[in-house]
Amino acid sequence: MSNASYNKLWGDAQEALNCLLEGESEKALEPPQDQVVIFQMLATFYIKYVQIFRNLENAYDQIVHPQKRILIRQVLDAVMGRILELKNEMVELEFSEFHYFDDILQDLKLSPEQLDIPIPRYFLKEKMEVLREQEKVLAQILANAGLEALQLKLPLKVMPLEEAVKLIQISERARQGRLRAIFMRQIYYQDIKGKQARLHGENAQDLNGAATRIQKFWRSFHQYKKTLREKEEEMVFLGMNPSPHIHSFNHTLLSAQKVTFLRYELQEKHEEEYKEALVTIKTNLKMLEGPDIKESLQDQIRHWFIECRLFLSSPEAWVQLSPTGVQLETMIHRELSQWHSHNVWGHLTCSSHRIVTLEAILHLHGRKRNMTGTFPDYPKEEEGGSAIIFSERTPQQVIQDIIAKEEEENVKKGKKKETKEDKEKKEKKKKKEKAEKKETKKNEEEERWKMAPSLFIPAIEEGNNKYKGVWRDKDESWNFLQDYDPEMIKEEKRKELESEIRVQVDELMRQELKNLKLAVDREKEVPRKAKKKKERKRGRKGKKGKKEKDLTPDRTLDSLYKELVEEELLIRPLKVQLSEYIGEFCYLGTTLRHIAIEPMPSLSDVRQLITLYGILPLGSQTVHEKAPLVKTLLLVGPSGVGKKMLVHAICTETGANLFNLSPTNIAGKYPGKTGLQMMIHMVMKVARMLQPSVVWIGETEKTFYKKVPKIEKEMEPRRLKKQLPKIIKLMKPEDRILIVGTTKRPFDADLKPLCKVYQKIIMIPRPDYASRFVLWKEVIQQAGGKITKSLNISCLSKVTDGFTQGQIVQVVKSILTDRRIRQQKQKALTAMEFITSLARMDPVYKEEEESFKTWYSKTPLGKKRANALSGADEKDKGKGKGKEKGKEKKGKKKGNEKK
């Protein structure tokens, strides 16, 4: 696709976003009240936002123009946040983390694959250099500590000397037996040939000799080719020659990779040029247009001084002074020509002619009309200075605001003091009105549903308006290389330059205003010191409790990082992408829920939740700060369903650091209360400084044991039980840190403290038939196996009902060895080969799966879901009775009032 096509893709996404915003605004005015209709509305918005998100992410990755990419990035982050907000709305509506959109996808004519949320590529691309440096530092620390070799080596079994000698003897005797068998076979064949030669005579002997010669030549040629192949394989294995798969790799993919690398280089080049242009254009504007901006600002503020004072004293004088600069100048010169007194100049410290003329005209009007008005107070720097005065308001509007404030003050002064009886009566009436309003509000809230206000829709609207006003109808025929637009930079930098110069002008004009007040009004400002001190003291008192003590103030980040790596609290995450977590979409979710049957979530739904709750907030700072905050995440499921794999996938997709605070890993490290506090402080400090970060607590049920087993008492598994809630309270929206717990036995934990710590609980089930079918196919092909007619994958997926993904992968690796892969030409793979090794494993039985379901039904969200399913009819009846009672009460009240 060319650059124009990606611009078109961006334009289509913006148009779809515009239509979607209009639809949301319409629904916000009159939201539906039926729960089914509400969910369908939220689901359609969610699916449409996902489609827009996919297009915007693709456009952001492909477009080269730096200014366009800034706007796309703004909208992209806002759309991400809006998707998370809609997901939160659906969870609160249905009391379930898993939702099914079968019927809506059919209406929109979309495939289930289009529902997958893409992971933005800029998460890793923008910090690739930082990640490489971190990997180098981590590898160096591990190598110096001798921990890398331990991680790479497989666990070896210790064997006694006698067993090792016996094993060597057995293998040696077997080798000798094979050689003797080959030797005896050759003797046997020679005897047969001799017998045949004696029976058939010389002619037959000549034919047999010719055949043997042909066979010898063919076998020697075949062996020669075989040895060459083995040599090549050996050289590839040793790393001396490249793999033959590289040569057979598709050339189109190679060319596509080259294009992507060139595009990334061009994007970086354009961004660097754009950053340089921001500086150069601003300096040029400062040199050329800076003095003019300064003078215009000063004239504008002086004009405001005159208008405020003259209008406050005599409106007729203000009418005579026109707001235009030319007529104002002529007016000033006329007054100066008629009046020759210069006694007022002694009060001025500045020798500007402009100030002199202003002072003269003000003093003159003060004598002629006996003015009583005063100069306005100049806004402080904290409030924004003179920018507040002229922000979208004319001087007349500013003057009207000043007059309105003075009238309010006069009205307040003229008010009479109310008696105590009147006050008591008014308070009673107010209380009654408040109580009635609360009752009506409660009834309305029960009856009506309203969507929560969004923090991301204003950013989406702002980006959409910028696109409409700037980029939609812009002619870019001159910009073939898609470089930055200098005129747009000038417009932006003029505003920045004006704000910077305004600060300097405000300082000058404050001094000028003081001089004018001293010269004309004889006013002096009284400093107020006592109030400032009190305010400061109050602020200090509030901040003391919030501050966290730094236990390592003298230590550097490198030393803390090194210590955590050496103690194996900071580990290297495995390079696993989330797309490798294979699972299929659930096609019967909505139909089962219509029958009041709760379906088991599919692996595709689990993958989607991991992207929503884990990857997107960690990858984007704006999304993490404004979206519904998820600090903790718990992955529950039987062993082998991929809980650890998902933790590593979160780290690889976001480039996050991985901290291991599992009970088995922290056992014996940093003993005592002080040691535990130091360990947690170090982990959280490094996690904040090197965010995004993931804190993994494996086997987290041990942290919340009801009763610690005798075997594990020395390990002290419940060390983090009291500390985890404190850690979570100290985590702020700015801290991109996610605490992820994994457990295969949640039944052993105390449920209340576990649910208090973990905000989101995701139950990962065993794979269903569709997921198993896709998994068998992918894993066999990745291992080098060939799927033929003799290999019945459907049979394998049916037989392996109850087996987890880890067990299936383990079986495939044990069967598809290098030798078996080579033998596929002569002997194709069959299902029986895999079933024999599966027979040695224990599947996840239905009883175990039911135990996970019953445990999840006891969690807060599970209880709400169960109550919603069971007590929906009862609630409707109760609501009807409540409405009738309310009507009766209202009728009685009306009757009493009539009487």
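Refer to the structure presented above.
Residues numbered from 1 in each chain as written. Predicted model: local features only at pLDDT ≥ 70, side-chain atom pairs only at ≥ 80, totals over all residues. Heavy atoms only, no water.

A few words on the nonpolar core. In this structure, Tyr46, Phe101 and Ile762 are the most contacted members of the largest nonpolar core, which totals 132 residues. Considering each element in turn, this core owes the most residues, 15 residues, to helix H2 (residues 35-62). Residues contacting phenylalanine 101, with those up to four places away along its chain left out, are Phe39, Ala43, Tyr46, Ile47, Met90, Leu115 and Thr590. With 20 residues, the next largest nonpolar core counts Leu297, Phe305, Val505 and Leu513 among its residues. (Core = buried A, V, L, I, M, F, W, Y, C linked by side-chain atoms within 4.5 Å. Buried < 20%, exposed > 50% of the residue type's maximum accessible area, 1.4 Å probe, protein only. Helix = DSSP H or I, 4+ residues; strand = E, 2+ residues; numbered from the N terminus. Contact = heavy atoms within 4.5 Å.)

Once that is clear, we can look at helix H27 (residues 723-730). Of the positions making up H27, those classed as buried are Gln723, Leu724, Ile727 and Ile728. One side of H27 carries all its buried residues, which in axial view fall inside an arc of 135°. (Arc of directions from axis to C-beta.)

On to a nonpolar patch on the surface, then. Taken together, the side chains of Trp218, Phe221, Tyr224 and Leu228 define a hydrophobic patch exposed on the protein surface, amounting to about 460 Å² of accessible area. When you line up the elements, tyrosine 224 lands in helix H9 (residues 202-238). (Patch = residues over 30% accessible without salt bridge, like charges linked within 9 Å, V, L, I, M, F, W, Y side chains within 5 Å. Areas by Shrake-Rupley, 256 points an atom, 1.4 Å probe, with all protein chains shown as cover. Salt bridge = Lys/Arg side-chain N within 4 Å of Asp/Glu carboxyl O.)

Looking now at the sheet that holds strand E6 (residues 760-763). If you walk across this open sheet you meet the six strands as E1-E3-E4-E5-E2-E6, and the pairing is mixed. For this open sheet the edge positions go to strand E1 (570-571) and E6, each flanked by a neighbour on one side alone. Two elements, strand E4 (residues 693-698) and strand E5 (residues 737-743), share six bridges in a ladder whose sense is parallel. Along E5, the bridge assignment pairs isoleucine 697 with glycine 741. Strand contacts of helix H22 (residues 603-619): strand E2 (632-636), E4, E5 and E6, with the helix running at about 145° to E6, the strand carrying the most contacts. (Pairing = 2+ DSSP bridges. Axes fitted to C-alpha atoms, helices over the stretch in contact; angles between N-to-C directions.)

Within the structure shown, the criterion is met by 36 salt bridges. Taking the shortest distance from any N to any O, the salt bridge between glutamate 233 and arginine 822 comes out at 3.5 Å. Here glutamate 233 is found in helix H9, whereas its partner arginine 822 is found in helix H32 (residues 818-822), with 589 residues between them in sequence. Of the residues examined, glutamate 233 reaches a relative accessible area of 40% and is grouped as partly exposed. Overall, arginine 822 belongs to the exposed group, its relative accessible area being 60%. For aspartate 735, the salt bridge identified is with arginine 688, shortest N-O distance 3.1 Å.

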